[in-house]
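One-letter residues, chain by chain:
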Amino acid sequence: MQPYEKTPRRNYFSDPAGNTGFNEAVAKYLGSLQKEIVAQYLSPENTLRLHHGNAWQNPANPEAFGNGMKEHSSSTVTKFQDIVDHKLELIDQCVQQLTEGMHQQFAQMLYSTVTDACDRSGNVVHAKDRPLEDAFIEMVEKVPFSADRHGVVRLPEVHAHPEMAKKMMAAVENAPVEYKQRLDQIKARKSKEALEREAERKAKFVSYGED
Amino acid sequence: MRLLLSIGCNSYAHLGNLGGAEADATRMYETLIRPEVGGYDPTRSRLLLSPSVAEVRSALAEILFAGGQIDTFTFFFAGHGGVRAGSFYMCVQDSRLDALSVSAQSLSDIFRSISEAAPAQSNLIIDACQSGGLIADLGVLLKHDILGDAGTPGVTLVATSAQDQGSGETPAGGIGTNAILDCIEGRDFVQDSTATLDLVEIGRRISTRLQGSKQSPVVWGLNLSGPPRFCRNPSFQSDPARPVRELVQAWPQASQEAVAPHFEKLWLAYTSVSGDWDPRSFSDSVAESIGPLADTPDALGNVIDRMAAAMQVRAEQSNDPFRSAQVCAALLVCLLPHLKHAAVQQTAQRVVNATSAALHSASRQLLADVQADQYALLDSRSGLLSDLYFLPMRIAKVLGWAAGSAYLCDASEIDSSGADQVFVELLRSILVLYQGSVQTISDAQAPYWAVALSRAIALGLRDEAEQLTGLLFNSLVTCGGRLARADIPGHETLPYLIARRTGNYDSVRDYLGRPIETLTVLLKSGIALDLVDVLDPSLWKLDGTSFVAYLPADFSDFGAPTMDRGQNLVWTVGQDVYRIGDLIRTWPPEMHRPGSGVEAAAATLASLLFPDRVAWFHFDNLLISPAASASEAADSAFTKMPAC
């Protein structure tokens, strides 16, 4: 009998349940690697998980969010012969190619989102045609510091190309003492402002920290 | 009571007329009401020629619900057919294509009526264009709440054209109808082992006969109890004047009562064989269903005969060519506890023959596929990476089953030279095309290596057997004897492969086989091939590896989930075994062997279906001459070795 929904290619001793289990394990493994990548940029506490819809909206702050869903995809190519030759290193190669692709796209998305937000708010510092340490100090001046609910001030993180980061650090370290004093003053002032803002925020509650 | 409703429609008010449908229905009716052929009751059976849909419904109601227990109901239709929204309709005189649901007879309504009237066996024959389209309906109709719970022990359906085909007509009648009548009237041979025929058997025969023609019969159904009921078997030696009714009534009735509580489970087992099939759950369902028939071997044999015929047809829908053989094998293994009865042995022999033929056919197909496409063994459904684990498993299975095909010939009436030739060519092809994947990955490969290696050795394929043993032994040494457990869950196979790659097995320790049977198989192969000089120098690399052999007390429970009456022999390299000779000395001199070729075949198949047991007797048969030399070599090695 020739059923008409038969797939043209015959499969010998296929193990669908085993395959499903294997593929789920691959997805789980890639997922855990992706989490590690994201954690390099964002703390898990600052990550929101979407269950419905395709974008966030904050009615209290319509300017926030608004970028919607961005799809990341990555692919890898495996040769049949490599499978037949039982090259176990294929697992590492495939995983590396997939995670590198995802990492690159995630980083690109993150920085373009930050760039868009900075462009919109005007929070942009140009380093061209002036000393790097001056641009750095202007940058620190422009970035608002934040304090957490326990009163711990978090200093801003600097993400830069390794070469640029090296130059920037060298410029700051080699700057005169007055520069460093000024930088410390800015940090102290901005930390104080951050704590004040946090206190103001808490004061908006009817009561805070009381049982 | 045996009732027939035969419908043929030539004249259509809204469709093109046909020329031979009425003649087909008339021929079928007149043949089947003959007492010595079909034995259908002429007073209650009906022949309808170009009826209206109302007349069809009225006739159905009269036949199925006028009273009296219906033993067999057969429905025949020749005419136009049509498919709408996944449902199949039989068109009659007043049917309109734009209103099939109200003007044509739907197949699903017939099934509901059958389910309600619950004849012991129902046969439906449809010779209509697009009648293959009823397959779409069957997915719905097969639900056990329609059939399984309704107390309907058997429904069989044969449709003689595929969905996109017109039903061929010739001046002598419809091609499908002619083929069926040829079987009924003895112009074509179906089988000669039972006095009556089942429609499934006829369906299988005409499927084979019409293969390659434009007609692609659809055969579907399962008769779970009682004798074949469709018609007399013209090829069986019995009194030709004896009415079919008597032949059917003479059949032991025990099967229906015993099997009835398991209808639902068996229907589910039946539907599973063409899809994702699990040999253990299938086998458990069948074994549980036939268990109550242990004291009525005739009835037990009959049930397995019926199942084998129906399940094989269903299994042929799978896209794994080995499925049909595996399903037959599972049925055979279920007979192991009952082989002491002569009647069961006869059934077992028939199932061995069927398994052997199916296995040979699948092996030939595989060989052709591998020769045409060197990647034919890669699984199109897998994510490819998973084949790093499953391809070596598949290679073991392929070689094991192909070698099993040759072993089965020994127990059947089929010459084994063809099966051996296919096995040899397959083994050589795999050693060339898939050498990299000839790997020991899981201990579940052990039974397949055992059957393949022992057959290769028995056939004198010394080079191939040595190469296979060497590749596997090297693979085992490379991973330090750390094979995945036979029952490793699918989601642990990736961590296992990563462990194999890195050499760090900490995260998968719970999923390693300990002790393993694979090493026992390779050492037994090494003994039979006299590879002492090759394997002994590397044995230290497996220092600490425990290996095992389970020798059953007898083979009656060799298909059971667990066996507890045999010997579980275990050795450890570096404690009990330092050289192959140590295994030779300590292997039990006597072990239980299968009592017959059929039992050996069933035990071999049990090891292939349930790979946590090995058919060691295949190696013992090989020990006669090579073992003597290996043993002598071992003895002489010991005499030369200083005490240590």
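Residues numbered from 1 in each chain as written. Chains lettered and ligands numbered in written order. Predicted model: local features only at pLDDT ≥ 70, side-chain atom pairs only at ≥ 80, totals over all residues. Heavy atoms only, no water.

K.L.:
Is there a simple way to explain the overall build of chain A in this structure?
P.N.:
A count of helices and strands for chain A gives six helices and two strands. Shown N-terminal to C-terminal, the secondary structure of chain A runs as helices and strands in the order α-α-α-α-β-β-α-α. Over its C-alpha trace chain A gives a radius of gyration of 25 Å, far above what one expects of a compact globule, namely 17 Å for 211 residues. Viewed in the frame of its principal axes, chain A has a C-alpha envelope of about 85 × 50 × 30 Å. Taking all 211 residues of chain A together, the buried fraction comes to 23%. Partitioning the contacts of chain A with sequence separation of at least 6, the portion at a separation of at least 24 is 60%. Working note: accessible area of chain A is about 15,100 Å², and carbon and sulfur atoms make up 54% of it. With 27 positive and 31 negative side-chain charges, chain A shows a separation of 2 Å between the mean positions of the two kinds. (Helix = DSSP H or I, 4+ residues; strand = E, 2+ residues; numbered from the N terminus. Rg over C-alpha atoms; globule rule 2.2 N^0.38 Å. Buried < 20%, exposed > 50% of the residue type's maximum accessible area, 1.4 Å probe, protein only. Contact = heavy atoms within 4.5 Å. Areas by Shrake-Rupley, 256 points an atom, 1.4 Å probe, with all protein chains shown as cover. Lys, Arg positive; Asp, Glu negative; His and termini not counted. Charge placed at Lys NZ, Arg CZ, Asp CG, Glu CD.)

K.L.:
Before we go on, may I ask you to explain the sheet that holds strand β5 (residues 87–90) of chain B in this structure?
P.N.:
Backbone-to-backbone hydrogen bonds join strands into a sheet, with any given pair of strands oriented parallel or antiparallel. Taken in spatial order, the three strands line up as β4-β5-β6 (chain B) in an open sheet, and their pairing is antiparallel. Both outer strands of the open sheet, β4 (81–84) and β6 (105–106) of chain B, are each paired with one neighbouring strand and no more. (Pairing = 2+ DSSP bridges.)

K.L.:
For this particular structure, what's the right way to read the pattern of salt bridges?
P.N.:
As a working rule, side chains carrying opposite charge can pair if their charged atoms are close by. All names here are of chain B. Counted according to the given criterion, the structure contains 36 salt bridges over all chains. R204 is the partner of E316 in a salt bridge, and the nearest nitrogen-oxygen pair spans 2.9 Å. Remark: R204 occurs in helix α7 (residues 199–209) and E316 occurs in the loop between α12 (297–315) and α13 (323–334); sequence separation between them is 112 residues. For R204, a relative accessible area of 28% gives the class partly exposed. (Salt bridge = Lys/Arg side-chain N within 4 Å of Asp/Glu carboxyl O.)

K.L.:
In this structure, what is going on with helix α5 (residues 162–173) of chain A? I would like to understand it.
P.N.:
Given 3.6 residues to a turn, an α-helix orients residues that are three or four positions apart in the same direction. Relative to the 16 Å expected for 12 residues at 1.5 Å per residue, α5(A) spans 16 Å between its end C-alpha atoms, a close match to the ideal helical length. Looking at the packing, one finds that the buried side of α5(A) touches α4 (132–142) and α6 (177–203) of chain A. (Expected span 1.5 Å × (residues − 1).)

K.L.:
Even after reading the chapter, I still don't get the domain arrangement of chain A, so can you show me in this structure?
P.N.:
Often, the extent of an interface is quoted as the loss of accessible area on bringing the components together. Each domain of chain A was delimited in the assignment, giving domain 1 (16–121) and domain 2 (132–203). Centre-to-centre, using C-alpha coordinates, domain 1 of chain A lies 31 Å away from domain 2 of chain A. (Domains from an automatic or database assignment.)

K.L.:
Explanation requested: the side chain of Q105(B) in the structure shown.
P.N.:
As for its position among the elements, Q105(B) is in strand β6. Leaving out residues up to four positions away in the same chain, Q105(B) has contacts with V53(B), V56(B), R57(B), L60(B), F88(B), Y89(B), M90(B) and I110(B).

K.L.:
Even after reading the chapter, I still don't get the interface of chain B and chain A, so can you show me in this structure?
P.N.:
If you look at the interface, chain B gives 63 residues, while chain A gives 36 residues. Where chain B abuts chain A, roughly 4,500 Å² becomes buried across the two surfaces, and 64% of that area is made up of carbon and sulfur atoms. At the boundary of chain B and chain A, one finds two salt bridges. Of the charged contacts in the structure, one is a salt bridge between D369(B) and R10(A), with a shortest N-O distance of 2.7 Å. Seen at the junction of chain B and chain A, the total is 15 residue pairs in polar contact (both at pLDDT 80 or more). Counting residues per element, the ones that place at least two in the side of chain B that touches chain A are α5 (134–141), β12 (218–223), α14 (342–372), α15 (387–411) and α19 (493–502) of chain B. Of the residues forming the side of chain B that touches chain A, the biggest block, nine residues, is contributed by α15(B). Of the residues contributing to the side of chain B that touches chain A, the split by class is 29 nonpolar, 22 polar and 12 charged. (Buried area = accessible area lost by both parts, 1.4 Å probe. Polar contact = N/O pair within 3.5 Å; in protein donor to acceptor, adjacent residues only side chain to side chain. Nonpolar A, V, L, I, M, F, W, Y, C, P; charged D, E, K, R; others polar.)

K.L.:
It is not clear to me how the packing of helix α6 (residues 175–185) of chain B against α7(B) should be interpreted in this structure. Could you clarify?
P.N.:
Each pair of packed helices gets described by two things: the angle between the helix axes and the distance between those axes. All names here are of chain B. Contact geometry of α6 with α7 gives a least axis separation of 10 Å together with a crossing angle of 125°. One finds that α6 runs oblique with respect to α7. Our pair here, α6 against α7, has a crossing hand that is right-handed. Here α6 contributes A179, I180, D182, C183 and I184 to the contact with α7, which in turn contributes I202, R205, I206 and R209. Looking at the contact of α6 with α7 residue by residue, the classes come out as six nonpolar, no polar and three charged. (Axes fitted to C-alpha atoms, helices over the stretch in contact; angles between N-to-C directions. Parallel < 35°, antiparallel > 145°, perpendicular 65-115°, else oblique. Left-handed = near helix turned anticlockwise from the far one by under 90°.)

K.L.:
Explain the pairing of β5(B) here, please?
P.N.:
Consecutive side chains of a regular strand alternate in pointing toward one face of the sheet and then the other. Residue and element names in this part refer to chain B. Residues S87 and Y89 of β5 are buried on one face, and the alternating residues F88 and M90, pointing to the opposite face, are buried as well. Hairpin connection of β4 to β5: two residues between the antiparallel strands, including A85 at a positive phi of 50°. Two strands pair when backbone bridges link them, and β5 and β6 are joined in this way by two bridges, in the antiparallel orientation. Counterpart to M90 in the pairing with β6 is Q105.

K.L.:
Any chance you could explain the nonpolar core here in plain terms?
P.N.:
Here is a general trend for soluble globular proteins: nonpolar side chains tend to be buried in one another's company. F73(B), I184(B), I202(B), F282(B), L377(B), W401(B) and Y496(B) are the most contacted members of the largest nonpolar core, which has 224 residues in total. In terms of residues, this core owes the most to one element, α15(B), which gives 15 residues. If we skip the residues at most four places from it in the chain, W401(B) touches F13(A), F322(B), Q326(B), A329(B), L359(B), Y448(B), L605(B), L608(B) and L609(B). Core analysis: the second largest hydrophobic core is formed by 12 residues, F145(A), Y179(A), L183(A) and I186(A) among them. (Core = buried A, V, L, I, M, F, W, Y, C linked by side-chain atoms within 4.5 Å.)

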